[in-house]
Amino acid sequence: MLTVDNLHAGYGTSEVLVGVSLEVKAGSVVALIGANGAGKTTTMRAISGMLKPSRGQVLLDGKPVQEYDASRIARLGLAHSPEGRKVFGPLTVEDNLLLGAYSRLPRFFGFRGRAAGDLKGVYELFPRLEERRLQAAGTLSGGEQQMLAIGRALMSKPKVMLLDEPSMGLAPIIVQEVFHTIRRLKEAGITLLLVEQFAKSALEVADYAYVMDRGRIAIEGTPAELHRDERVLAAYLG
Ligand code: ATP
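So, how was this worked out
- Residues numbered from 1 in each chain as written.
- Predicted model: local features only at pLDDT ≥ 70, side-chain atom pairs only at ≥ 80, totals over all residues.
- Heavy atoms only, no water.
- UniProt positions renumbered as here; feature names shortened; annotations may be inferred.
- Buried < 20%, exposed > 50% of the residue type's maximum accessible area, 1.4 Å probe, protein only.
- Helix = DSSP H or I, 4+ residues; strand = E, 2+ residues; numbered from the N terminus.
- Phe/Tyr/Trp six-rings, centres within 6.5 Å; stacked < 30°, edge-to-face > 60°.
- Contact = heavy atoms within 4.5 Å.

The protein chain goes by ABC transporter ATP-binding protein in an unreviewed UniProt entry, where it is assigned to Thiobacillus sedimenti. Turning to the protein chain, the UniProt record has this under Sequence similarities (unreviewed entry): "Belongs to the ABC transporter superfamily."

Below, the structure is given as structure tokens:
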């Protein structure tokens, strides 16, 4: 579904990604872990078009998209839920969700009606969002805002979803809730590339994982394989 081949990208003259290759098969959850500054967020940004790669390919459903801008890549089916959540605080929960469908549905009369079925699906996944549908998004708890960011990404009916550090800044009990949410996405058949600082939890939910180090993939394998790897055990699972 998503193939990244020899991706290079950076900021100004500093090259951060020096040849990242990875694959996310349809219906699978793939974890991207690694030390701070390894380039995980930069990889997500280069895939979604928020950052233009200088070399390499990004194939979405077999189609090269690395030359396209972020909005076109989003329309082709890639949803990026960035680090730090970024919900629109003054808007209601429901309006935030509807924004996720805007790029997909034409914006004329009847938009709400046509988005209603998708809203229902998101509310089934996150009943708490339905309870709070008319509340300003900025007044939600951190964990609820993360659910909302994921729900908004789902409203675009993505082929692949990129989730960057969904547990960042959340209390441990809420982090558990976030991982529960990720399991539910997996059960729903959503294809997911997940960046996580909690490597252990990420490997519990992932089908396959990549470990990044200084701008490239250093180690890859199934969670079981990574659990047997001394380097991974010492650095991330100790
Ligand atoms: P973390 O786990 O800390 O979020 P990461 O693996 O996601 O780390 P990135 O955020 O991709 O790492 O950062 C990789 C490198 O790129 C770091 O050295 C960082 O300082 C640099 N970098 C990130 N964003 C920018 C930017 N906007 N301008 C310049 N350099 C940046």
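Back to the text.
Asker: Outline helix H1 (residues 40–48), supporting the account with residue identities and numerical values.
Answerer: Summarising burial for H1: 7 of the 9 residues are buried, a large majority. Among the residues of H1, those classed as buried are Lys40, Thr42, Thr43, Met44, Ala46, Ile47 and Ser48. A positive backbone phi angle near 90° is found at glycine 49, which sits one or two residues after H1.

Asker: A description of the packing of aromatic side chains should follow, citing residues and the corresponding values.
Answerer: Following the criterion strictly, the structure yields 1 aromatic pair and no others. When the ring of tyrosine 208 is compared with that of tyrosine 210, the centres are 5.3 Å apart and the planes differ by 65°; the resulting orientation is edge-to-face. Residue tyrosine 208 is classed as partly exposed on the basis of its relative accessible area of 26%. Judged by its relative accessible area of 4%, tyrosine 210 falls in the buried class.

Asker: Please give an account of the environment of valine 65 that cites residues and values.
Answerer: Residue placement: valine 65 occurs in the loop between strand S5 (63–64) and helix H2 (70–75). Expressed as a C-alpha distance, the spacing of valine 65 and asparagine 6, which sit 59 residues apart in the sequence, is 14 Å. Those residues within four positions of valine 65 in sequence are excluded, and the remaining contacts are Val58, Leu60, Ile73 and Leu76.

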